[in-house]
Amino acid sequence: MKRTAIYPGSFDPLTNGHLDVIQRAAKLFDRVIVAVAENESKHPLFTLAERVALVKSAVTKLPNVRTDSFSSLLVEYVAERKAQAIVRGLRAVSDFEFEFQLALMNRKLDESIETIFMMPKDTYTFLSSRIVKEIARLGGDVRSFVPPNVQIALKHKLKPAK
Ligand code: ADP
C-alpha cells in the first residue's frame, strides 16, 4: 500500500521552512501532497492560484511531491485523497498549543488519520510567512528565507503603485 501524507497550510507564501518540512516528509512517505488552504478569512497576500503556483514550481525537483488546493474540512480532504497522515511543522513551543489542539480535534473528527509533526532545520525555526512578508514590505532582503521564485513574486506583489 502506498503511504500518502497531506501537508496543509496557507503557504502565503511558501518559505524555506515549509520546503524543509516538505523534503523531510518526502523521505518518509511514498507521496506527499502539499495542500494549500483557501483561507480567505486570513486575507492572504497572494491569491489561492498564486500560492499554489509558487509551491508547484518550488517542488518540481521532488518526484513524489504534488501540489493541490482545498477549501473543505481538512479530514474530509485527507480521506478523499486516501491519505493516511497529516504533516505539520513545529518550530517552537509557541506553535505547540495550537498544533496540539488542531491535531486532537482532527483525531476526534476522524480517528483513522494520524498527525505527524516535523521540526525544520534549526536555522528555519524563526521563519514564518508573516515575518517574511513584513521584511519584504519594508524593502528588506528575503533571499535566504524563501525560494527564488517566491522572492520575485514578493517583489512584484509589493511594488509601490505608480
Ligand atoms: P497555517 O495557516 O495552516 O498555519 P502556514 O502556511 O503558516 O499555514 O503553516 C503550515 C504549516 O507549516 C504549519 O504546521 C506551520 O507550523 C508550519 N510551518 C510554518 N513555517 C515553518 C517553518 N519555518 N518551519 C517549519 N514549519 C513551519
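The structure under discussion appears in the preceding block.
Presented here is an overview of the structure given in this document. (Residues numbered from 1 in each chain as written. Predicted model: local features only at pLDDT ≥ 70, side-chain atom pairs only at ≥ 80, totals over all residues. Heavy atoms only, no water.)

This part covers the pairing of strand E4 (residues 85–89). The element E4 is extensively covered by neighbouring structure, given that four of its five residues are classed as buried. The pairing of strand E1 (residues 4–9) with E4 spans two bridges and is parallel. The residue of E4 that forms the bridge with alanine 5 is alanine 85. A crossover links E4 with its parallel partner strand E5 (residues 114–118), the connecting element being helix H4 (residues 93–109), and its sense is right-handed. (Buried < 20%, exposed > 50% of the residue type's maximum accessible area, 1.4 Å probe, protein only. Helix = DSSP H or I, 4+ residues; strand = E, 2+ residues; numbered from the N terminus. Pairing = 2+ DSSP bridges. Right-handed = clockwise from strand over helix to strand, strands pointing away.)

Another aspect to go through is the nonpolar core. Judged by nonpolar contacts, the single largest core of 33 residues is most densely connected at Ile22, Val65 and Val87. Among the secondary structure elements, those contributing two or more residues to this core are E1, helix H1 (16–28), strand E2 (31–37), helix H2 (48–58), E4, helix H5 (129–137) and helix H6 (148–157). Broken down by element, this core gets its largest block of residues, five residues, from H1. In this structure, isoleucine 22 is in contact with Tyr7, Leu14, Val34, Val59, Leu62 and Val65, ignoring residues within four places of it in sequence. Counting twelve residues, the second largest nonpolar core, distinct from the first, contains Ala37, Phe70, Val75 and Val78. (Core = buried A, V, L, I, M, F, W, Y, C linked by side-chain atoms within 4.5 Å. Contact = heavy atoms within 4.5 Å.)

Moving on: the sheet that holds E2. With parallel pairing, the five strands of this open sheet are ordered in space as E3-E2-E1-E4-E5. Two strands close off the open sheet at either side, each with one partner strand: strand E3 (65–70) and E5. The sheet shows a mean angle of 30 degrees between the axes of neighbouring strands, taken without regard to direction. The pairing of E4 with E5 spans five bridges and is parallel. Bridging across to E5, valine 87 finds its partner in isoleucine 116. (Axes fitted to C-alpha atoms, helices over the stretch in contact; angles between N-to-C directions.)

With that settled, the discussion passes to the site of the ligand. Contacts to the ligand come from 17 residues, most closely from Tyr7, Ser10, Phe11, Lys42 and Gly89. Between the ligand and phenylalanine 11 there is a distance of 2.9 Å, counted from an oxygen atom to a backbone nitrogen or oxygen. Here the ligand is seated within the largest pocket. Broken down by secondary-structure element, the contributors of at least two residues to the shell around the ligand are E1, H1, E4 and H4. Looking at side-chain class alone, the shell around the ligand contains seven nonpolar, five polar and five charged residues. (Near = heavy atom within 4 Å. Polar contact = N/O pair within 3.5 Å; in protein donor to acceptor, adjacent residues only side chain to side chain. 1 Å grid on protein atoms, 1.4 Å probe; cavity = no way out; pocket = protein on both sides within 12 Å on 5 of 7 lines; lining within 4 Å. Sits in = over half its atoms within 2 Å of the grid points. Nonpolar A, V, L, I, M, F, W, Y, C, P; charged D, E, K, R; others polar.)

Within the secondary structure, glutamate 99 is located in helix H4. Classification of glutamate 99 by relative accessible area gives buried; the value is 7%. Residue contacts for glutamate 99: discarding those within four places in its chain leaves Arg88, Gly89, Leu90 and Phe117.

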